[in-house]
Amino acid sequence: DGFAGLVGGLIANHNPRIYKEKTLIGAVSNFVLSTASATVFMLIFKDMGLTPIHCLVIGALAVGVELICGFGLDNIALPLSICALLIWCMAWPWI
C-alpha cells in the first residue's frame, strides 16, 4: 500500500490515473510487491499448501482492494482480505 503510493508518486509525469487518485504504476507496483511478499511467505512456510497461483491471486486481490476502498479503509480491508484469502487457501489447497 505505502510502496504503491511511493512509486506512483515518484513517476508522476508518465503515470495515468486508473481510478480516482490511483495510478497505473502504483497499481502495478502494488501487484508486484504483494505477489513477491506472498511468494516469500510461500517459500518460508512450505507446509501451508500455498502455490504460485495463490500468490498471483493474493497480488490481484491486493490491487482490487486498494482500488475500491477509499477514505483510508484499505489500511484495514487489505490485511483482513488477504488473511481471509490465506485461510481459504489453506482450507482448500487444491484450488
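Parameters and conventions
Residues numbered from 1 in each chain as written. Predicted model: local features only at pLDDT ≥ 70, side-chain atom pairs only at ≥ 80, totals over all residues. Heavy atoms only, no water. Phe/Tyr/Trp six-rings, centres within 6.5 Å; stacked < 30°, edge-to-face > 60°. Buried < 20%, exposed > 50% of the residue type's maximum accessible area, 1.4 Å probe, protein only. pLDDT = per-residue confidence, 0-100. Helix = DSSP H or I, 4+ residues; strand = E, 2+ residues; numbered from the N terminus.

### Here we look at the packing of aromatic side chains
Enumeration according to the criterion identifies one aromatic pair in this entry. Where F41 meets F45, the ring centres are 4.8 Å apart and the plane angle is 50 degrees; that geometry is what we call tilted. Of the residues examined, F45 reaches a relative accessible area of 41% and is grouped as partly exposed.

### A look at the confidence of the model for the chain
Looking at the chain as a whole, the pLDDT averages 84, with 91% of positions reaching at least 70. Element-level mean pLDDT values for the chain span from 71 in helix α1 (residues 2–10) up to 92 in helix α3 (residues 52–68).

### What to know about the environment of L33
On the secondary structure map, L33 appears in helix α2 (residues 24–44). On the accessibility criterion, L33 (39% relative accessible area) is partly exposed. Sequence separation between L33 and S81 is 48 residues; the distance between their C-alpha atoms is 16 Å.

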